[in-house]
Amino acid sequence: MNPEIYPFVVRPLPYEYDALMPVLDEETLHFHHDKHYKTYVDNLNKALADYPELQKLSLKELLTGLEKLPAVVRTAIRNNGGGVYNHELYFDMMKGACGQEPGGELAEAINRDFGSYRQWKEQMKEAAMSQFGSGWAWLLTDGEGKLSIVKTANQDVPDLMLYTPLLLVDVWEHAYYLQYQNRRADYVDGWFDLIHWRKVGKRYEERNVI
Ligand code: MN
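None of these values were measured; they are calculated from a predicted model.

A. How the structure looks around the pattern of salt bridges. A full pass over the atoms with the stated rule returns eleven salt bridges. Between Arg11 and Asp92 there is a salt bridge, with its nearest N and O atoms 3.9 Å apart. You can see Arg11 sitting in the segment before α1 (26-48) and its partner Asp92 sitting in helix α3 (residues 71-92), a full 81 residues away along the chain. Owing to a relative accessible area of 23%, Arg11 belongs among the partly exposed residues under this scheme. Residue Lys199 pairs with Asp92 through a salt bridge whose shortest N-O separation is 3.1 Å. Here Lys199, found in helix α8 (residues 197-205), pairs with Asp92, found in helix α3; they are 107 residues apart in sequence, far enough to count as distant. Residue classification places Lys199 among the partly exposed residues on the basis of a relative accessible area of 25%. By relative accessible area, Asp92 is classed as buried at 17%.

B. Examining the domain arrangement of the protein more closely. Here the protein is partitioned into domain 1 (26-92) and domain 2 (104-206). A C-alpha centroid distance of 21 Å is found between domain 1 and domain 2. Contact residues are listed per partner, giving 19 residues for domain 1 and 21 residues for domain 2. When domain 1 packs against domain 2, close to 1800 Å² is buried across both sides, 59% of that on carbon and sulfur atoms. Seen at the junction of domain 1 and domain 2, the total is two salt bridges. At the surface where domain 1 touches domain 2, the tally comes to ten residue pairs in polar contact (both at pLDDT 80 or more). In terms of residue class, the side of domain 1 that touches domain 2 is built from six nonpolar, nine polar and four charged.

C. Geometry of the nonpolar core. Formed by 63 residues in total, the largest nonpolar core has its most connected members in Ile77, Tyr90 and Trp120. Both domain 1 (26-92) and domain 2 (104-206) contribute no fewer than three residues apiece to this core. Excluding anything up to four places from it in sequence, Trp120 contacts Ile110, Phe114, Leu139, Ile149, Leu167, Phe192, Ile195 and Trp197.

Rules and cut-offs
- Residues numbered from 1 in each chain as written.
- Predicted model: local features only at pLDDT ≥ 70, side-chain atom pairs only at ≥ 80, totals over all residues.
- Heavy atoms only, no water.
- Salt bridge = Lys/Arg side-chain N within 4 Å of Asp/Glu carboxyl O.
- Helix = DSSP H or I, 4+ residues; strand = E, 2+ residues; numbered from the N terminus.
- Buried < 20%, exposed > 50% of the residue type's maximum accessible area, 1.4 Å probe, protein only.
- Domains from an automatic or database assignment.
- Contact = heavy atoms within 4.5 Å.
- Buried area = accessible area lost by both parts, 1.4 Å probe.
- Polar contact = N/O pair within 3.5 Å; in protein donor to acceptor, adjacent residues only side chain to side chain.
- Nonpolar A, V, L, I, M, F, W, Y, C, P; charged D, E, K, R; others polar.
- Core = buried A, V, L, I, M, F, W, Y, C linked by side-chain atoms within 4.5 Å.

Structure, rendered in structure tokens:
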């Protein structure tokens, strides 16, 4: 996550642009990271430019306090702040395809809350496929370690006061259209193989305990 405050910066990918091939090719990652994600960072900074008080807040503070923001910038911060938060976690929780599976405490929680890894995968795919239009499917944990799957529209985030997001899949067409055109299911199937389960497991163990 972006721990800093305004001005927010574009974080480089934690791997090379060809590291996620063949699931995601270089062109897709260049557009997604260098254009789409960067635009959210730039527009978040623009939205905050005239608000010195808001410039002192972290991204999470902005996103959990939207109703307190001035109405004139609320939508811009919701959309672009969410765009920054979501993309940073999305890029960060992937690595070169290796078909890894979850381990440790997280694997036990997945079995407990979904029945098995396979059943979790089916439910996660169902969430990703049934998100109408642009949005995201998420795996969340609450402070006690209970897992849940949700989907959000556009660049909305789940309630970050109640949940720690563990991973998410971008189902905006810009995430896959260059390579997969309308075949969202093939993209989602490929994405499962990119999940960096060691990092996800660490996030689970370090979740915010309420
Ligand atoms: Mn995206």
